[in-house]
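Observations on chain architecture
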Amino acid sequence: MGNSDYHTPRGVAVPPPKPFCWAVSTALKETFFPDDPFRQFKNQPPSRKFVLGLQYLMPILEWAPRYTFQSFKSDLVAGITIASLAVPQGISYANLASLPPLLDYKCEIYVLGTADSSFVPPLIYAMFGSSRDVAVGTIAVASLLLTSMIGGVVNPYENPKLYFQLAVTATFFSGVLQTALGLLRLGFIVDFLSHATIVGFMGGAATIVCLQQLKGMLGLVHFTRGTDMVSVLKSVFTQVHQWRWESAVLGCLFLFFLLLTRYFSKRKPAFFWINAMAPLMSVILGSILVYLTHAEKHGVQVVSNLSGSLSAHVMHPLQYIGHLKKGLNPPSLSDLAFGSPYLVTAIKTGAVTGIIALAEGIAVGRSFSMFKNYHIDGNKEMIAFGMMNIAGSCTSCYLTTGPFSRTAVNFNAGCKSAVSNIVMATAVMITLLFLTPLFHYTPLVVLSSIIIAAMLGLIDYEAAIHLWKVDKFDFVVCMSAYIGVVFVSVEIGLTIAVTMSMLRLLLSLARPRTHVLGNIPNTMTYRSIDQYPNANTVPGMLILHIDAPIYFANSNYLRERITRWIYEEEDRVKSCGEANLHYVILDMSANPGSEVMKKLDKTEFIQNIGQEWIYLTVGEAVGACNFMLHTCKRTPPTLSMPPAVELTAQDNV
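In short, a report on the structure. Just so it is clear, the structure is predicted and the values come from calculations on it, not from any experiment.

In this model, the largest pocket occupies a volume close to 1700 Å³. Among the elements that make up the lining of the largest pocket, the one with the highest residue count is helix α14 (residues 343–372) (seven residues). Its residues assigned to classes, the lining of the largest pocket comprises 34 nonpolar, ten polar and five charged.

With that out of the way, let us pick up the pairing of strand β3 (residues 541–546). Regular strands place side chains that alternate from one sheet face to the opposite one. Within β3, six of the six residues are buried, which leaves the element mostly enclosed by the surrounding structure. The sheet contact formed by strand β1 (residues 514–519) and β3 spans three bridges and is antiparallel. Its bridge partner lying in β3, His515 is registered against His545. Where β3 meets strand β4 (residues 583–587), five bridges bridge the pair, whose relative direction is parallel. Within β4, the residue paired with Ile543 across the bridge is Ile585. Tracing the backbone out of β3, into helix α22 (residues 552–576) and back to the parallel element β4 gives a crossover that is right-handed.

Moving on to empty space enclosed by the protein. Here the structure, examined in full by the defined rule, presents four cavities of 30 Å³ or more. Reported here for the second largest cavity is a volume of approximately 50 Å³. Every residue along the wall of the second largest cavity is listed here: Leu193, Thr197, Ile198, Phe201, Met202, Ile356, Ala359, Glu360 and Leu494. Every element with two or more residues in the lining of the second largest cavity is listed here: α8 (195–212) and α14. By residue number, the principal contributor to the lining of the second largest cavity is α8, which donates four residues. Split into classes, the residues belonging to the lining of the second largest cavity amount to seven nonpolar, one polar and one charged.

About the cut-offs
- Every chain is numbered on its own, with residues counted from 1 as its sequence reads.
- The model is predicted, so local features are restricted to residues of pLDDT at least 70 and side-chain atom pairs to those at 80 or more, both for listing and for counting; the totals for chains, interfaces and linings are taken over all residues.
- Working from all heavy atoms in the structure, the side-chain values ignore hydrogens and water.
- Of the two site types, the cavity is a set of points on a 1 Å grid over the protein atoms alone where a 1.4 Å probe fits but cannot get out, and the pocket is an open set with protein on both sides within 12 Å along at least five of seven lines, each lined by residues with an atom within 4 Å of a point.
- Grid points are joined across faces, edges and corners, and a volume is the space filled by probe spheres set on the points.
- Secondary structure elements follow DSSP: runs of H or I no shorter than four residues count as helices, runs of E no shorter than two count as strands, and numbering proceeds from the N terminus.
- All amino acids are sorted into three groups, where Ala, Val, Leu, Ile, Met, Phe, Trp, Tyr, Cys and Pro are nonpolar, Asp, Glu, Lys and Arg are charged, and the leftover types, Gly among them, are polar.
- Buried, partly exposed and exposed residues are distinguished by accessible area as a fraction of the type maximum, computed with a 1.4 Å probe on protein chains only: under 20%, between the cut-offs, and over 50%, respectively.
- Paired strands are those between which DSSP finds at least two bridges.
- Assignment of crossover handedness uses the view with strands pointing away from the viewer, where a clockwise path from the first strand over the helix to the second indicates a right-handed crossover.

In structure tokens:
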């Protein structure tokens, strides 16, 4: 760049001072209210503000007046379809959570009791939720966490009443946490569960769940309470003499049937309903087969034996002592164990399962809303999930959220609104009131097959391979979560993954990357010479780009790293016989400018180095340095590190 091309650079302005209260309120608004939810209340009369407030808290009041009969026909089909999936899944996941049999403490079984989680919570979500596609239900990971965390302190077979009380108490605290996060608009906390963390955690949990289902597949009565692979496999292979081949054959047949229907539905999306109906069809066919062949007398355990299994664990003879009772679960408000010595365990379980449920439910809702091009409010979803879990904990339900499998079925069935959840709840209610005895002969091996088929879809090995190709550290986080869950415990695996994700975040702030910039030929653009090998360094200058904001946590590191860059550049130019290094230009254009300029001004940094040493662009800084290098020979301030430092202040921090 010759002297004739040089133009006096424009100065970098220091923004006018703002009142402290204004600055604080602006920062809070940007943090907690980026969507400005109060905008709709402006210039509205009090009565209208009241109506808008109710519609904001309960979205059903906003869309219900516009609801059409045509939409209801679509929601009716979708609701019945997901209800056919909800009943067998509800029994299976409740079994996984060690909740059945739910006793009235007189040896009467509510086998479908935890299917009640598909009755009350969907009704609450339909009023408070903002998604048109989410179908509410229980999830396997939360079920496994209940078994792992609460079952670690209370044996569900020896003390079923206390176990049930702690389960609904944990659900209550999950709901309180979720509601609080929504009301305080702290949804960004869920974002700290990275995609890599969730992929590894879900895959590990699915692996353990599949292994645990070997108990049902092989017809085992006694099984480990551990949730790690070693304990589960040890429990399986130390009981080889108790394996039931009849149960294993039946389980493999139904598992093959479920996987075959899933494969067919993926190949032919128009026949999605075949995969959706497959679990219920398996339950019906399995029950008929057991009834006709009396397989329960030949090693195939059935639902009605659950109370017998309970009796065996409490040292009574293995025999059927109860009966399947029709009806909805009784209220469980009095069962909330706030005075239990295990309250801390319930709170911890509620917090962990609540966050996991939020992460899955909100991610699922956002994913399907993109297909229909509408927006869901993450904070409203948190409130909706929280309210339905609080209500569920008072009606003998355990944790619910928006599971992917059920939501996908709801979406493919053509749902138009949350009314599909109301239809599902109604269908489940009818089942609980009138059809419960029909499940008397349902073989447990069918429930195990349903769980395994669902879990295999959660082991997303393709996502793990993609992480390896894109970001090796994310792959390490993913595998850490997977290995921690599989070989240690669900809680430890999740803790390891979250810790590593947070460590990476902190490292990116404390150790930001710096790059040497060069000039792209025939342009005024300066880019990394590593990314653009054809970029040319400027003789006598070292141009460095800092990839992150400058904080107290990285200031010392940057000082040391910049000094190292200077020494390395000096050694290079000496070895190559090039011009000596005269200027260092720091490009911090990734950072906001106004706040930094105010701080530089208040700390008198600008006065110390001079306003003329801060430029809007790298090009202007290079031009100024070239001009002084070839004409004025002016020496800039040293700032305690040789040689001088130039700052480019386009969008600076």
